[in-house]
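Structural overview
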Amino acid sequence: MSNPAENVPSGALSELTPLQRKTLAALRRSSEPLVFDEQLVANIRTEMRVALDHFAERLHDGQDLFVTKHRIASVLDCEAHFLAPDQFEWTPATAKGQIAHRAIQLLLGWRGEPSPADLVDEAMARLSDEDRGIGLWIAKLDKGDEADTRGLSTERVTKFVESFPPLDPRANPVTEAAAQWPLTGTILLRARVDLMIGRPAGNESRKVLIDFKTGRVGPRHRQDLGFYALIETLVRGVPPRKLATFYLDAGEAQTEDVSEPLLRTAVRRTLDGINAMVELGTEQRAPVKRPGSGCRWCPLAESCDEGQAYLTTFDSK
C-alpha cells in the first residue's frame, strides 16, 4: 500500500481524522510487491503435515485435538493452568468483544452511517436469536446487565469507528475471518481473525491480519498473530504481508511484516504446543508450573505455592 488511501473510498481521505490517517499509515505496504517462494510454503506444509501425522499416532483411538491460539498460549505459559477445569462464564466484560465484533461486521455492510449504539443493538438482537452460547445468555439478561453489556460493547465499537477509516469493499474487509487446516484429521488447527483486509492477487502477499485488544501490550499478542499467519499460509498457499495488533484504548497499532523467520517461528511454537498437549492429555506427563501474569486469574492460584510466590513478588513491585 504505497498510497495509504488504497483501502479508503475515493474522495474520503481528506475527511479522515488524524487518528484514522495514522492507522492507514501503520498498515500501508512498501512500493515493492511481496512474493514468497512457493517452495517455502510447500516445505512448511510438508513439515506441518508430517508432524501432525506423528502426533496423531500418539493419540488414543477416537481422540481428537483442536488447536487454537488460546490453547497454544495456555499450554506454553503454564501446563498446570492449562489442565485446570475451564471456569469461563459469560459476563458483560467477557461478552463485549464478541458483540462488538458482530457489530463491526454489520458496519462493513451497512448502508448509511449507523451509530455504534445502533450497531450494538442490532448485533445483540441477532445474537439473541441464536439458540446457543452467547445467544442464550443475552436472551436471559436482566435490564441492568443488558445495559452494562450494551454500554461496554458500544464503547468498543466507538473506538473502532474513531480509529479506522471507512474501508473500501474492494479491499475485501472481513471480520471474524475463520480458517481451519487441514480439512480432515484427528488434529485440526483453527483460527478466527478479528479483521482481515486485502484482495488476493496471484502469489503476491497482500492481506493484513488485525487483532483488536484493550489494555496494555503483551508478548503473547504478537505470538497469537504468528499463529494466524501460519494458518493463513497453510490454507491459502500465500502468506499475509503484515500483522497488526490494534490497541483500542490507546488508538495505536503495533505491526510486524511477515517474513520467513516469523513463519518458521510460528511453526516451531505451534508444534511445541501440540506436543505438550499430547504429552499432558494422552501420555499423562506431569504438568510443569510456570508462574506468570496468568496467576492473577488462575483457579489454582490459592493452592499453588509457585503462583503465590510470584503474586507476592508481583504485587510488591
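The following paragraphs examine the structure supplied in this document. (Residues numbered from 1 in each chain as written. Predicted model: local features only at pLDDT ≥ 70, side-chain atom pairs only at ≥ 80, totals over all residues. Heavy atoms only, no water.)

Remarks on the overall build of the chain
When you go through the chain residue by residue, the secondary structure sums to 11 helices and six strands. Referenced to the eigenvectors of the C-alpha coordinate spread, the extents of the chain come out at roughly 60 × 55 × 45 Å. Taking all 317 residues of the chain together, the buried fraction comes to 44%. Expressed as a percentage of contacts within the chain between residues at least 6 apart in sequence, the contacts between residues at least 24 apart total 71%. On the chain, roughly 16600 Å² of surface is accessible, and the fraction owed to carbon and sulfur atoms is 50%. Averaged over its 40 positive side-chain charges, the chain has a centre that lies 3 Å from the centre of its 46 negative ones. (Helix = DSSP H or I, 4+ residues; strand = E, 2+ residues; numbered from the N terminus. Buried < 20%, exposed > 50% of the residue type's maximum accessible area, 1.4 Å probe, protein only. Contact = heavy atoms within 4.5 Å. Areas by Shrake-Rupley, 256 points an atom, 1.4 Å probe, with all protein chains shown as cover. Lys, Arg positive; Asp, Glu negative; His and termini not counted. Charge placed at Lys NZ, Arg CZ, Asp CG, Glu CD.)

Some details on helix α5 (residues 92-109)
Relative to the 26 Å expected for 18 residues at 1.5 Å per residue, α5 spans 26 Å between its end C-alpha atoms, a close match to the ideal helical length. Considered for burial, the residues of α5 that qualify are Pro92, Ala95, Lys96, Gly97, Ile99, Ala100, His101, Ala103, Ile104 and Leu106. Tucked into the core, α5 has its buried residues touching α6 (116-128), α7 (133-139), α8 (143-163), β2 (174-181), β3 (187-197) and β4 (208-213). (Expected span 1.5 Å × (residues − 1).)

A few points about empty space enclosed by the protein
A water-sized probe, rolled over the atoms, reveals where empty space remains. Within the structure shown, the criterion is met by two cavities of 30 Å³ or more. In this structure, the largest cavity occupies an estimated 60 Å³ of space. If you trace the largest cavity, you find it lined by Ala177, Ala178, Ala179, Ala191, Val193, Met196, Leu209, Tyr228, Ile231, Glu232 and Arg236. For the lining of the largest cavity, the elements supplying multiple residues, two or more each, are β2, β3 and α9 (219-236). Looking at the lining of the largest cavity residue by residue, the class counts come to nine nonpolar, no polar and two charged. (1 Å grid on protein atoms, 1.4 Å probe; cavity = no way out; pocket = protein on both sides within 12 Å on 5 of 7 lines; lining within 4 Å. Points joined across faces, edges and corners; volume = space filled by probe spheres on them. Nonpolar A, V, L, I, M, F, W, Y, C, P; charged D, E, K, R; others polar.)

Details of the packing of aromatic side chains
Ring pairs (aromatic) are described by centroid distance and by the angle formed between their planes. Here the structure, examined in full by the defined rule, presents five aromatic pairs. An aromatic cluster is defined as three or more aromatic residues linked by ring pairs; in this entry it consists of Phe160, Phe164, Phe212 and Phe246. (Phe/Tyr/Trp six-rings, centres within 6.5 Å; stacked < 30°, edge-to-face > 60°.)

Section: the nonpolar core
Counting 41 residues, the largest nonpolar core has Met48, Val67, Ile187, Leu189 and Ile274 as the members making the most contacts within it. The element that contributes the greatest number of residues to this core is helix α10 (residues 260-281), accounting for 10 residues. If we ignore the near neighbours within four places in the chain, the residues touching Ile187 are Leu52, Phe55, Ala56, Leu59, Leu65, Val67, Pro182 and Ile274. (Core = buried A, V, L, I, M, F, W, Y, C linked by side-chain atoms within 4.5 Å.)

Digging into unusual backbone geometry
The peptide bond linking Trp181 to Pro182 adopts the cis configuration, its omega dihedral lying at -10 degrees. A positive phi angle is found at Asn172, which is not glycine, with a value near 55 degrees. Mapping Asn172 onto the fold places it in the loop between α8 and β2. On the accessibility criterion, Asn172 (30% relative accessible area) is partly exposed. Of note in the backbone geometry, Gln284 takes a positive phi value of approximately 60 degrees without being a glycine. Tracing the backbone shows Gln284 in the loop between α10 and α11 (305-315).

Concerning the pattern of salt bridges
Enumeration according to the criterion identifies 24 salt bridges in this entry. Between Glu130 and Arg132 there is a salt bridge; the shortest N-O distance is 3.6 Å. A relative accessible area of 21% places Glu130 in the partly exposed class. Accessibility expressed as a relative area gives 57% for Arg132, which makes it exposed. As a salt-bridge pair, Glu155 and Lys159 come within 3.3 Å of each other at their nearest N and O atoms. Taken together, the positions of Glu155 and Lys159, both in helix α8 and four residues apart, correspond to about one turn of that helix. Several salt bridges converge on common partners, so that one network encompasses Glu79, Glu279, Arg285 and Arg290. (Salt bridge = Lys/Arg side-chain N within 4 Å of Asp/Glu carboxyl O.)

Thoughts on the state of the cysteines
For the coordinates displayed, the defined rule picks out zero disulfides. Cysteine Cys295 is unpaired, with the sulfur of Cys304 as its nearest cysteine sulfur at 6.2 Å. Take Cys304: its relative accessible area is 14%, and that puts it in the buried class. (Disulfide = S-S within 2.5 Å.)

Function cannot be read off these values alone, since they describe shape.
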